[in-house]
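Coordinate inspection notes
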Amino acid sequence: MSIISDDLPLDLVSAEDCHDARRVAYGYVEDAFTEAQQDGLDSDALAHAALFAAFRTLVETYGEEATAVFAEGLADKVRTGAFSSGTRH
């Protein structure tokens, strides 16, 4: 089984529903980050823990090889600003 890309719908779910679900999920993650930071947790520690949890879930769902292939594409996304919210450095 391969990892679903950002622009492909999940089985039995329309593309619009997929993107809506991801926006809602992202909101939950943002809220968790905000709450943890208010409790004094370092944002770097939060980011590392979130990435570990996300990759662990992807490996459990799709397997190690599919997750590794997915991860290989992340470097280009980072470099092209896919995760940037403000000005680039």
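In what follows, the structure referred to is the one given above.
Residues numbered from 1 in each chain as written. Predicted model: local features only at pLDDT ≥ 70, side-chain atom pairs only at ≥ 80, totals over all residues. Heavy atoms only, no water.

Thoughts on the overall build of the chain
Counting its secondary structure elements, the chain contains four helices and zero strands. Expressed as a percentage of its 89 residues, the buried residues of the chain come to 9%. Once local pairs closer than 6 in sequence are excluded, the contacts in the chain between residues at least 24 apart make up 30%. (Helix = DSSP H or I, 4+ residues; strand = E, 2+ residues; numbered from the N terminus. Buried < 20%, exposed > 50% of the residue type's maximum accessible area, 1.4 Å probe, protein only. Contact = heavy atoms within 4.5 Å.)

A look at helix 2 (residues 43-62)
The first and last C-alpha atoms of helix 2 sit 28 Å apart over 20 residues, in line with the 28 Å expected at 1.5 Å per residue. In this structure Asp-42 caps helix 2, since a side-chain oxygen of it lies 3.2 Å from the backbone nitrogen of Asp-44. Once helix 2 finishes, Gly-63 follows within two positions and takes phi at roughly 95°, a positive value. (Expected span 1.5 Å × (residues − 1). Polar contact = N/O pair within 3.5 Å; in protein donor to acceptor, adjacent residues only side chain to side chain.)

As for the pattern of salt bridges
Evaluation of the coordinates by the stated rule reveals three salt bridges. We note a salt bridge from Arg-23 to Asp-20, for which the minimum N-O separation is 2.5 Å. A residue pair is termed a helical-turn pair when its members lie 3 or 4 positions apart in one helix, as Arg-23 and Asp-20 do in helix 1 (residues 15-38) at three residues. By relative accessible area, which is 54% here, Arg-23 ends up exposed. Of the residues examined, Asp-20 reaches a relative accessible area of 32% and is grouped as partly exposed. Measuring nitrogen to oxygen at the nearest pair gives 3.4 Å for the salt bridge that ties Glu-60 to Arg-56. Of this pair, Glu-60 and Arg-56 both sit in helix 2, four residues apart, roughly one helical turn. On the basis of relative accessible area, Glu-60 is assigned to the exposed category, the value being 60%. (Salt bridge = Lys/Arg side-chain N within 4 Å of Asp/Glu carboxyl O.)

Remarks on the environment of Ala-36
Relative to the helices and strands, Ala-36 is located in helix 1. Residue classification places Ala-36 among the buried residues on the basis of a relative accessible area of 12%. Along the primary structure Ala-36 and Leu-46 are separated by ten residues, whereas in three dimensions their C-alpha atoms are 7.8 Å apart.

Focus on the packing of helix 2 against helix 3 (residues 64-72)
At their nearest, the axes of helix 2 and helix 3 sit 7 Å apart, and the two run at 130° to each other. For the element pair helix 2 / helix 3, the angle class is oblique. Taken together, the residues of helix 3 that come into contact with helix 2 (itself represented by Phe-55, Leu-58, Val-59 and Tyr-62) are Glu-64, Ala-66, Thr-67, Phe-70 and Ala-71. When its residues are assigned to classes, the contact of helix 2 with helix 3 shows seven nonpolar, one polar and one charged. (Axes fitted to C-alpha atoms, helices over the stretch in contact; angles between N-to-C directions. Parallel < 35°, antiparallel > 145°, perpendicular 65-115°, else oblique. Nonpolar A, V, L, I, M, F, W, Y, C, P; charged D, E, K, R; others polar.)

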